[in-house]
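Observations on the three-dimensional arrangement
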Amino acid sequence: MYGALATKFSRYNSTTVASDITAEGRGATKLLDRKTDEFFDKIWHTEYNDFFKELREHFSDISFKYNTLQKIDTSDHIAIYGDTDSLFLEFIKILESTGIDMSTPVKRICDVIEYIAINVLQPYYEKWLVKYAEMRNCTNAQKFELEVIGRRIILCAKKKYVLSQLWKDGVYIADKKKLKVTGIELAKRGTPVFIKGIITKFVNYMLSSKNFDPKMYFQLAYSVKNKIKNSHITEYA
């Protein structure tokens, strides 16, 4: 609907209604942003300890050092980025509040995140989206569901980011080293194949560790320089 209304040459073109659609999407996202902080500041550690017990039983192979959920400091916000119809949550704070053993295999940590998202966050968001719709005398048509779990993200600007994906739509894909690239052109159409590979390698390296070593970056750049220098021009022309 938005595309038909926003397209200049559509017979149904109406920039006013199209703008209203995106404005309502932003309004709902901002509401959920506020309610996320409110939930983890006041509700999570006081009303969800029965759920936490259930979670520990469900993941009996994982070690948790706490028997009750700990209060989360939300002064820096749980949601680190939001778009018209999405929120990016910093789940490390939520995991730390459970006392989960952070040496647990990444796949199992992704399973825990998925379990919390499906059983806690999605119903909570659904409740507030319904209330948001009722305030506007309509029925709710929005759904906030877990789409991607990432290890790290490079945020450049609104709608411009690169995310290293661990999990997508229910499938663990960390071994494939896939990037979710939005609004950023890592390589142009005419960029040589091996240069595209190098760019992807650099970005993967930057996203692979929180202890990013600039010296290693320059070593990689130097090795690329030598590779180009020693390659025939047909390989990169």
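See the structure above.
A brief look at the structure comes next. Because the structure is predicted, anything quoted here is derived from the model rather than measured.

**As for the pattern of salt bridges**
- A full pass over the atoms with the stated rule returns 10 salt bridges.
- Here glutamate 24 and arginine 136 are joined by a salt bridge, their closest N and O atoms 2.7 Å apart. Within this pair, whereas glutamate 24 is found in helix α2 (residues 15–47), its partner arginine 136 is found in the loop between α5 (106–134) and β3 (148–157), the two being separated by 112 residues in sequence.
- When the shortest N-O distance is used, the salt bridge between lysine 180 and glutamate 147 registers 4.0 Å. Of the two residues, lysine 180 sits in strand β6 (residues 179–182) while glutamate 147 sits in the loop between α5 and β3, which places them 33 residues apart along the sequence.
- Relative accessible area serves as the criterion here: at 40%, glutamate 147 is assigned to the partly exposed category.
- Connected via shared salt-bridge partners are Asp61, Lys107, Arg108 and Asp111.

**Notes on the nonpolar core**
- Core analysis: the biggest nonpolar cluster contains 40 residues, and Phe40, Trp44, Leu55, Ile94, Val112 and Ile116 have the highest contact counts within it.
- When residues of this core are traced back to their parent elements, those giving at least two are α2, α3 (49–58), α4 (91–98), α5 and β4 (160–168).
- No other element matches the 13 residues that α5 contributes to this core.
- Grouped together as the second largest cluster of nonpolar side chains are 6 residues, Phe194, Ile195, Ile198 and Phe202 included.

**Structural notes on the pairing of strand β2 (residues 86–89)**
- Note that strand β1 (residues 79–83) and β2 share 4 bridges and pair antiparallel. Of the residues in β2, the one forming a bridge with glycine 82 is leucine 87.
- Hairpin connection between β1 and β2: a loop of 2 residues separates the two successive antiparallel strands.

**A short note on the environment of methionine 206**
- Tracing the chain through its elements places methionine 206 in helix α6 (residues 193–208).
- Given a relative accessible area of 30%, methionine 206 falls into the partly exposed group.
- In this structure the C-alpha to C-alpha distance between methionine 206 and isoleucine 72, which are 134 residues apart in sequence, comes to 28 Å.

**Some words on the packing of aromatic side chains**
- Applying the stated criterion across every chain, the model contains 16 aromatic pairs.
- Ring centres 6.1 Å apart and planes at 50 degrees place the aromatic pair phenylalanine 39 and tryptophan 44 in the tilted group.
- Residue phenylalanine 39 is classed as buried on the basis of its relative accessible area of 1%.
- Classification of tryptophan 44 by relative accessible area gives buried; the value is 1%.
- Through pairs of rings, three or more aromatic residues link up here, namely Phe39, Phe40, Trp44, Tyr48, Phe51, Phe59, Tyr115, Tyr124, Tyr125 and Phe144.
- Taking NZ or CZ as reference, lysine 35 lies 3.9 Å from the ring centre of tryptophan 128, over its face.

**Overview of the side chain of threonine 104**
- Examined against the element boundaries, threonine 104 turns out to sit in the loop between α4 and α5.
- Engagement of the side chain of threonine 104 in a polar contact is seen with the backbone oxygen of aspartate 101, the distance being 2.5 Å.
- Sequence-distant contacts of threonine 104, that is, excluding residues within four places in its chain, are made with Ile62 and Ile109.

**Concerning unusual backbone geometry**
- Despite not being glycine, lysine 159 shows a phi value in the positive range, around 60 degrees.
- Within the element layout of this structure, lysine 159 appears in the loop between β3 and β4.
- According to the relative accessible area criterion, lysine 159 is partly exposed, its value standing at 38%.
- You will see that lysine 177, though not glycine, has its phi angle at about 50 degrees, which is positive.

**A short note on α4**
- Within α4, 6 of the 8 residues are buried, leaving the element largely enclosed by the surrounding structure.
- Every buried residue belonging to α4 is among Phe91, Lys93, Ile94, Leu95, Ser97 and Thr98, and all of these are buried.
- Along its buried surface, α4 packs onto α2, α3, β2 and α5.
- Where α4 ends, the next residue or the one after it, glycine 99, has phi of about 75 degrees, a positive value.

**Notes on the packing of α3 against α5**
- Running from N to C, α3 and α5 cross one another at 145 degrees; their axes reach a closest spacing of 12 Å. Viewed along their axes, α3 and α5 form a crossing whose handedness is right-handed. Residues Phe51, Glu54, Leu55 and His58 of α3 form the contact with α5, whose participating residues are Val112, Tyr115, Ile116, Asn119 and Val120.
- Looking at the contact of α3 with α5, its residues break down into 6 nonpolar, 2 polar and 1 charged.

Reading the values: the criteria
Residues numbered from 1 in each chain as written. Predicted model: local features only at pLDDT ≥ 70, side-chain atom pairs only at ≥ 80, totals over all residues. Heavy atoms only, no water. Salt bridge = Lys/Arg side-chain N within 4 Å of Asp/Glu carboxyl O. Helix = DSSP H or I, 4+ residues; strand = E, 2+ residues; numbered from the N terminus. Buried < 20%, exposed > 50% of the residue type's maximum accessible area, 1.4 Å probe, protein only. Core = buried A, V, L, I, M, F, W, Y, C linked by side-chain atoms within 4.5 Å. Pairing = 2+ DSSP bridges. Phe/Tyr/Trp six-rings, centres within 6.5 Å; stacked < 30°, edge-to-face > 60°. Lys NZ or Arg CZ within 6 Å of the ring centre and 35° of its normal. Polar contact = N/O pair within 3.5 Å; in protein donor to acceptor, adjacent residues only side chain to side chain. Contact = heavy atoms within 4.5 Å. Axes fitted to C-alpha atoms, helices over the stretch in contact; angles between N-to-C directions. Left-handed = near helix turned anticlockwise from the far one by under 90°. Nonpolar A, V, L, I, M, F, W, Y, C, P; charged D, E, K, R; others polar.

That is the geometry; function is a separate question.
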